[in-house]
Amino acid sequence: MMTAGLRSLLLAAACSCAMAGAAAAQNLTIAVGAPVTSIDPHYHNLSPNNAMAAHIFDGLADTDSRARLVPGLAESWRTIDDTTWEFRLRRGVTFHNGSDFTAEDVAFTISRAPNVPNSPSGFGIFTRPIAEVQVVDPHTVRIRTRAVYPLLAVDLSNVMILDKETHENATTEDFNSGKVAVGTGPYRFVRFAPGDRIELERNDTYWGGRQPWQRVNYRIIVNEAARTAALLAGDVDLIDQVPTADIARLKQDQRLNVSEVVGLRIIYLALDHSRTDGSPFVSGPNGEALDRNPLKDVRVRRALSIAIDRNAIVSRVMEGAAIPAGQFLPEGTYSHVPGLNPPAFDPDGARRLLAEAGYPNGLRLAIHGPNDRYVNDARIIQAIGSFWTRIGVRTQVEAMPWTTFIARAGRQEFSAFLVGWGSSTGEASSPLRSLVATFNREKGFGASNRGRYSNPELDRLLEQALATVDDEKREKLLQDATRVAMEDVAIIPIHIQKNVWAMKRGLRHDARADELTRAMDVRPGG
Amino acid sequence: MTPPPAEAAIASAGLAPAASREETPLRRFVADFAESKVAVGAFVVFVLIVLCAVFAPWIAPQDPYDLAQLDILDGRMPPGTMGGAGFTYILGTDDQGRDMFSGILYGLRISLMVGAGSAFIAFIVGTALGLLAAYFGGRTDTLIMRLVDLQLSFPSILVALMILAFLGKGILNVVIAIVAVEWAYYARTVRGTALVERRREYIEAAECLALSKPRIVFRHLLPNCLPPLIVILTMQVARAIALEATLSFLGLGVPVTEPSLGLLIANGYEYMLSGRYWISFYPGIALLVTIVVINLVGDQLRDVLNPRLRK
Amino acid sequence: MTVYLIRRLMQSALVVLAMTVILFLGVYAIGDPVEILISPEADQMERERAIAALGLDRPLWEQYVAFLGNALRGDLGRSFVFNEPALKLILQKMPATLELALAATVFAIVLGLPLGLIAGLKPEALYSRVIMAGSILGFSLPTFWVGLMLIMVFAVQLGWLPSTGRGPTAEFLGVQWSFLTADGLRYLIMPALNLSLFKISLVIRLTRAGVRETVLMDYVKFARAKGLSQNRVIFVHVLKNILIPVVTVTALEFGSTIAFSVVTESVFAWPGMGKLIIDSIYVLDRPVIVAYLMIIVFMFIVLNFTVDVLYSVLDPRVRLQDQKA
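For clarity, every value in this text was computed on a predicted model and none was experimentally measured.

**Some thoughts on the overall build of chain A**
And step 1. In terms of regular secondary structure, chain A is built from 17 helices and 20 strands.
And step 2. Whereas a compact globule of 526 residues would reach a radius of gyration of roughly 24 Å, chain A reaches 25 Å, a difference of no more than 12%.
And step 3. Dimensions of chain A, computed from C-alpha atoms along their principal axes, come out at roughly 80 × 70 × 40 Å.
And step 4. For chain A, long-range pairs separated by at least 24 residues make up 67% of all intrachain contacts whose partners lie at least 6 apart in sequence.
And step 5. Summing over all exposed atoms, chain A offers an accessible surface of approximately 19,500 Å²; the carbon and sulfur share of this is 49%.
And step 6. Of the side chains in chain A, 60 bear a positive and 61 a negative charge, and the two mean positions are spaced by 4 Å.

So this is what it looks like as structure tokens:
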């Protein structure tokens, strides 16, 4: 009896396996680590949301896996003069509900994107440079910008095109419920269960060609170990944000493949530049208060930078899932500075520099960082604390949840703290403008410059770059600005992360530099 | 001070048949406790663990809290590897190159401090409030019990986050957070028991004797409510240690550079799937042994202290 | 009884009110939701727009008054993150958590009570010691760790159960439940067991302690002396007496199981409200936090009330009126 029961159980298990195998040819289950919060593509400018939106909707332009601009719903674009752009739209494209895609839809989209009610992070940052949208004919749009703005096409690749007729008065809730979740994209919306999953179905009439997957199940599994376990158990086909601890094991596993690419996210230390007379978490070697802020001295900053063994952090803490960084962007991207290498590890040099700066007996310092935001964040600051302590800067390490961390960092409460920056557009103007340009509300500069670094020369180079349409000249200016920032140790770059995915053998994945996880990048075979 | 004869009679009515007169209470207690060999063994192990924790700086080959002694190049070494500092990592190292053996000894200190400290404080606060509620009833009862409701309805994570926001991170704050979460359990339980006990004859008798209220509460009511509380106390020590581990797992516990056993386990958790079991396994064993012996001792204590179990 | 009920209700309303004030201050003290939700690329003007859009530019007391006004009309606000009514979000996720907590409670009673009885009746036997040792493991091992071990063994190694998530659901009383489908049950087993470990241990210990005390009591001795069968003595006399603490604790634990399901839900990617609340706390989604806690407090009040009623049924010595000092 026992054996009969066991046999039928095994049989049932075998059946369900066979069925799963047959279904697997058509279906794709992805598990992602970051929750999608909305289907409305203009509600919340957040990477997971943008990744999901790319399945259902399209932008005028798109970016490829190496973050290079490629045509989307616009076949081509050109600048007519310094402030006027003309986009030629793809013909014969329809939305999932059958309505035609025309120039009116582009104009509508640009008017809706910045005005979604209750948006906690809107798309206005991409449409603000636009002064006027002119519909020339159903397949041509001219966009006039307020000033010279070379990044218009890049910015617009973030804005998903909606249908004027369908979405005129659509609310975010209408998108989430599926009522108006229609776009021109490769997949149709089926169901959204917040915090759990999104189900998609192939759009057989997609203008870019049919996708290989009939249905896509886009699951959210935030817990890292659970995500890896789900892949190992065969419950999902592909996972993103593979924990660095598991990469080596997954690579060895015969049943699995791993895809990885150097990303665009730099992990760096920001330093307190705002105070001249002492910094809250810096004190003398015996804990005595200092009457000046040592971090204002470039020698101290350089000492702290060369005291860090970046190769050790990359190989030991990150287990190879990063590359040491000496500037904002990795090699092979626009505006990367050739020859600007990661600072070499030199603890003796660091001690000398400290002595030169007037601190022969070292310092005391506290380093702060989040423990739930970046890959291995709390481990990185511990390692840095250990390196600094060994050159005589006795370091206290404090890791805390991002929630409390970012509020305090924003109030400039810290002296040295770990943060990351993802340049999703793959271009140095993004970090230069947000992280090291002088804080200025009118220009929109330095919005994330929490250490309040300020350098007039850098500001000048950056402003000049942002007003230069010529790509080559602009790249030169951005490289100069980057060099100024790095030579002055405005920030201490640590490493640039690699983005890692793992999947069942038999799937091929085109790893994206911008960290987005999309079913469109997964193909059978390989 | 000996109680008046009438009171002594009441006390023994509520408590137990009085112990034989020749023995001192302490001797009797020790003899009762020693009846169980397992409990004595557990007690010995417990004492050893406490000694290890107290003398950790002298036993451990490394000060795991001194960042200058950690070498990241020695990170994640399997047990038995010779390190750069010239001694063998008998239990391996974690991702920072922290010797697991030293880490466990030091972590034991913090876990015991947090576990025992918070459980004990919560016990005192909760029991006192619960007794007050049961004995005085009326508005006092209402006020305290609504406070208990309020407390029990707050997820501990939220309490911990708020305490963190107000006070900053640290061992003391973790203790405060755990006390804030746990006291209500004692209060609720002691009130339930006391409500029953309160109506027993010996309390009525004590009231008839016009004894002072504090005296009735603490000399008569409390001892009779103790047995279930001791069960909870021994369990709460374990629970507090586990809760601290969970808080660490959620990133809210003790500082990362001064890991408790719980934080060591939580740190190693990420390495479980990759086969580097030692980072999480050995602290887990240490935690387990500690909690098991505390409970074995606690069980025997309860049996000894519980008058109704005496034959 | 009615007076008691009304008084209890008014007290509860005060509790809820006090709690909302604490929450408003607490969330305010922890941080700024906009800092967390906004795209890092946003400039200062976009930040100001977002702060205004969420109504966070107004003074805290004004935000609180506006919240109270809306709450009286049954509107607990919209989630900052999802832009949906907070109440709707929570109610959507409630069945998943209720189902998990219920299954855990069933596990606790079905496994804990008999094991506790066995261990209590023959405390010296080897199997009793094994049970007690097992119960120590139950509450000393951190939940997140056990959860991962369960997944490793039953999903990854043996492949018997699905690793994470909630299975297919079927409708009952207008709500989607997963325990009504065979496949849904398979998804439920591991998380429910994980969540119930602590409760099983608790029930075992309480039952054992109760049994050991009760069997020595005079009335049980009398019952035996009267020649009642062993079974009758155990199931009628002993069990009835130990049910009070077990009922109290199980009911209390049901509430806290819901509140503490956070860890299990995040390890097993169970789409319940515990996961919603922890996510909401991390992004400071105040409307959801406030609405969630109001619902939880309400549930606690109902539970406590039920426990008190059950008390008076099980033990006539406890009366429902407020005692006079």
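From this point, the discussion proceeds with the structure in view.
**So, a nonpolar patch on the surface**
Residues and elements named next belong to chain B.
And step 1. Among the surface-exposed residues, Val40, Phe43, Val44, Val47, Leu48, Leu51, Val54, Phe55, Trp58 and Ile59 lie close enough to one another that they form a single nonpolar patch of about 910 Å² accessible area.
And step 2. Only α3 (37-54) and α4 (56-59) provide two or more residues apiece to the nonpolar patch.
And step 3. Looking at the nonpolar patch element by element, the count peaks at seven residues for α3.
And step 4. As for its position among the elements, Val44 is in helix α3.

**Topic: helix α15 (residues 429-436) of chain A**
And step 1. Of all eight residues that make up α15 of chain A, seven are buried, and the element is covered over most of its length.
And step 2. Elements that come into contact with the buried residues of α15 of chain A comprise β12 (256-271), β17 (416-422), α16 (456-466), α17 (471-487) and β18 (491-504) of chain A.

**Focus: the nonpolar core**
And step 1. In this structure, Trp388 and Val436 of chain A together with Phe144 of chain C are the most contacted members of the largest nonpolar core, which totals 303 residues.
And step 2. At 17 residues, helix α10 (residues 213-249) of chain B tops the list of elements feeding residues into this core.
And step 3. For this core, the two domains that each supply at least three residues are domain 1 (2-72) and domain 2 (86-315) of chain C.
And step 4. Beyond its immediate chain neighbours, meaning those up to four positions away, Phe144 of chain C contacts Ala245, Thr246, Phe249, Ile265, Ala266 and Tyr269 of chain B together with Val263 and Val267 of chain C.
And step 5. One finds Met52, Ala181, Leu200 and Met520 of chain A within the second-largest nonpolar core, a separate group that totals 37 residues.

**Some thoughts on the interface of chain C and chain A**
And step 1. With 50 residues of chain C at the interface, the matching set in chain A holds 56 residues.
And step 2. Both sides together, the interface formed by chain C and chain A hides about 4,200 Å², and carbon and sulfur atoms give 50% of it.
And step 3. Together, Glu41, Gln44 and Asn83 of chain C form the three largest contributors to the area buried by chain C at its contact with chain A, with a combined 16%.
And step 4. Inspection of the chain C/chain A interface yields four salt bridges.
And step 5. Taking the shortest distance from any N to any O, the salt bridge between Arg78 of chain C and Glu173 of chain A comes out at 2.8 Å.
And step 6. Applying the counting criterion to the chain C and chain A interface returns 22 residue pairs in polar contact (both at pLDDT 80 or more).
And step 7. Those elements that provide at least two residues to the side of chain C that touches chain A are α2 (33-37), α3 (44-53), α5 (86-121), α7 (143-157), α11 (262-267) and α12 (273-282) of chain C.

**A short note on the sheet that holds strand β6 (residues 130-137) of chain A**
Across a sheet, strands are paired by hydrogen bonds formed along the backbone, either parallel or antiparallel in direction.
All names here are of chain A.
And step 1. On the basis of which strands lie adjacent, the open sheet formed by four strands has the order β4-β5-β7-β6 and antiparallel pairing. Every interior strand has two partners, whereas the edge strands, β4 (74-81) and β6, have only one. Looking at each pair of strands side by side, their axes are set apart by 20° on average, direction ignored.
And step 2. With five bridges connecting them, strand β5 (residues 84-89) and strand β7 (residues 140-145) associate as antiparallel partners. Residue pairing across strands places Glu86 opposite Arg142, the latter belonging to β7.

**Focus: the pattern of salt bridges**
And step 1. Summed over all chains, the structure comprises 47 salt bridges over all chains.
And step 2. Notably, a salt bridge pairs Lys251 of chain A with Glu260 of chain A, separated by 3.7 Å at the nearest N-O pair.
And step 3. On the accessibility criterion, Glu260 of chain A (34% relative accessible area) is partly exposed.
And step 4. Here Arg301 of chain A makes a salt bridge to Asp488 of chain A, at a shortest N to O gap of 3.2 Å. With a gap of 187 residues between them, Arg301 of chain A in helix α10 (residues 298-306) and Asp488 of chain A in the loop between α17 and β18 connect regions that are remote in the sequence.
And step 5. Each of Glu173 of chain A together with Arg78, Glu84 and Lys88 of chain C takes part in salt bridges that share partners, so that together they form one network.

**Some points on the pairing of strand β16 (residues 393-400) of chain A**
Residue and element names in this part refer to chain A.
And step 1. Alignment of strand β15 (residues 363-370) against β16, held across eight bridges, turns out to be parallel. Note on β16: the bridge partner recorded for Ala366 is Gln396.
And step 2. Tracing the backbone out of β15, into helix α13 (residues 377-390) and back to the parallel element β16 gives a crossover that is right-handed.

**Side note on the confidence of the model for chain A**
And step 1. For chain A, per-residue confidence averages 91 on the pLDDT scale, and 95% of positions sit at 70 or higher.
And step 2. Below a pLDDT of 50 lies the segment residues 1-24 of chain A, which in the model reaches one contact outside its immediate sequence neighbourhood of four places, other chains included.

**A short note on the packing of helix α5 (residues 100-136) of chain B against helix α8 (residues 171-198) of chain B**
Residue and element names in this part refer to chain B.
And step 1. Following both chains from N to C, one finds α5 and α8 inclined at 35°, their axes separated by 5 Å at the closest point. The interaxial crossing formed by α5 with α8 has right-handed handedness.
And step 2. In terms of residue class, the contact of α5 with α8 is built from 23 nonpolar, five polar and three charged.

**Focus on the domain arrangement of chain C**
All names here are of chain C.
And step 1. When its domains are assigned, chain C resolves into domain 1 (2-72) and domain 2 (86-315).
And step 2. Contacts between the two partners involve 21 residues from domain 1 and, on the opposite side, 13 residues from domain 2.
And step 3. A buried area of about 1,500 Å², summed over both sides, lies between domain 1 and domain 2, and 81% of it is on carbon and sulfur atoms.
And step 4. It is Arg8, Leu23 and Val27 that lose the most area in domain 1 upon contact with domain 2, and together they represent 29% of the buried surface on that side.
And step 5. One can count zero salt bridges joining domain 1 with domain 2.
And step 6. Linking domain 1 with domain 2 are one residue pair in polar contact (both at pLDDT 80 or more), by the criterion used here.
And step 7. Secondary structure elements with two or more residues in the side of domain 1 that touches domain 2: α1 (2-30), α2 and α4 (60-72).

**Notes on the confidence of the model for chain C**
And step 1. Looking at chain C, the pLDDT average stands at 81 and 93% of residues meet or exceed 70.
And step 2. Of the two predicted TM-score estimates for the complex, the pTM is 0.86 and the ipTM is 0.83.

**Focus: the side chain of Ser261 of chain C**
And step 1. Along the chain, Ser261 of chain C falls in the loop between α10 (230-260) and α11.
And step 2. Residue contacts for Ser261 of chain C: discarding those within four places in its chain leaves Thr97, Leu195 and Gly274 of chain C.

**A closer look at the environment of Asp459 of chain A**
All names here are of chain A.
And step 1. Residue placement: Asp459 occurs in helix α16.
And step 2. Accessibility expressed as a relative area gives 11% for Asp459, which makes it buried.
And step 3. Spatially, the C-alpha atom of Asp459 lies 42 Å from that of Gly208, the residues being 251 residues apart in sequence.

**Describing unusual backbone geometry**
Residue and element names in this part refer to chain C.
And step 1. Even without being glycine, Ala269 reaches a positive phi, approximately 45°.
And step 2. Note that Ala269 resides in the loop between α11 and α12.
And step 3. In this structure Ala269 comes out as buried when scored by relative accessible area, which is 2%.

**Considerations on the side chain of Arg474 of chain A**
Residue and element names in this part refer to chain A.
And step 1. Locating Arg474 in the fold gives a position in helix α17.
And step 2. The class of Arg474 is buried, set by a relative accessible area of 6%.
And step 3. When neighbours within four sequence positions are excluded, Arg474 is seen to be in contact with Pro150, Leu151, Tyr334, Glu427, Ala465, Thr468 and Val469.

**Regarding the packing of α5 of chain C against helix α6 (residues 126-140) of chain C**
All names here are of chain C.
And step 1. Where α5 contacts α6, the two axes come as close as 8 Å, and the packing angle between them is 130°. Judged on the interaxial angle alone, α6 and α5 are oblique. Where α5 crosses over α6, the handedness of that crossing is left-handed. Residue-level contacts link Leu115, Ile118 and Ala119 of α5 to Tyr127, Ser128, Ile131 and Met132 of α6.
And step 2. For the contact of α5 with α6, the class distribution of residues is six nonpolar, one polar and no charged.

Rules behind the numbers
Residues numbered from 1 in each chain as written. Chains lettered and ligands numbered in written order. Predicted model: local features only at pLDDT ≥ 70, side-chain atom pairs only at ≥ 80, totals over all residues. Heavy atoms only, no water. Helix = DSSP H or I, 4+ residues; strand = E, 2+ residues; numbered from the N terminus. Rg over C-alpha atoms; globule rule 2.2 N^0.38 Å. Contact = heavy atoms within 4.5 Å. Areas by Shrake-Rupley, 256 points an atom, 1.4 Å probe, with all protein chains shown as cover. Lys, Arg positive; Asp, Glu negative; His and termini not counted. Charge placed at Lys NZ, Arg CZ, Asp CG, Glu CD. Patch = residues over 30% accessible without salt bridge, like charges linked within 9 Å, V, L, I, M, F, W, Y side chains within 5 Å. Salt bridge = Lys/Arg side-chain N within 4 Å of Asp/Glu carboxyl O. Buried < 20%, exposed > 50% of the residue type's maximum accessible area, 1.4 Å probe, protein only. Core = buried A, V, L, I, M, F, W, Y, C linked by side-chain atoms within 4.5 Å. Domains from an automatic or database assignment. Buried area = accessible area lost by both parts, 1.4 Å probe. Polar contact = N/O pair within 3.5 Å; in protein donor to acceptor, adjacent residues only side chain to side chain. Pairing = 2+ DSSP bridges. Axes fitted to C-alpha atoms, helices over the stretch in contact; angles between N-to-C directions. Right-handed = clockwise from strand over helix to strand, strands pointing away. pLDDT = per-residue confidence, 0-100. Left-handed = near helix turned anticlockwise from the far one by under 90°. Nonpolar A, V, L, I, M, F, W, Y, C, P; charged D, E, K, R; others polar. Parallel < 35°, antiparallel > 145°, perpendicular 65-115°, else oblique.

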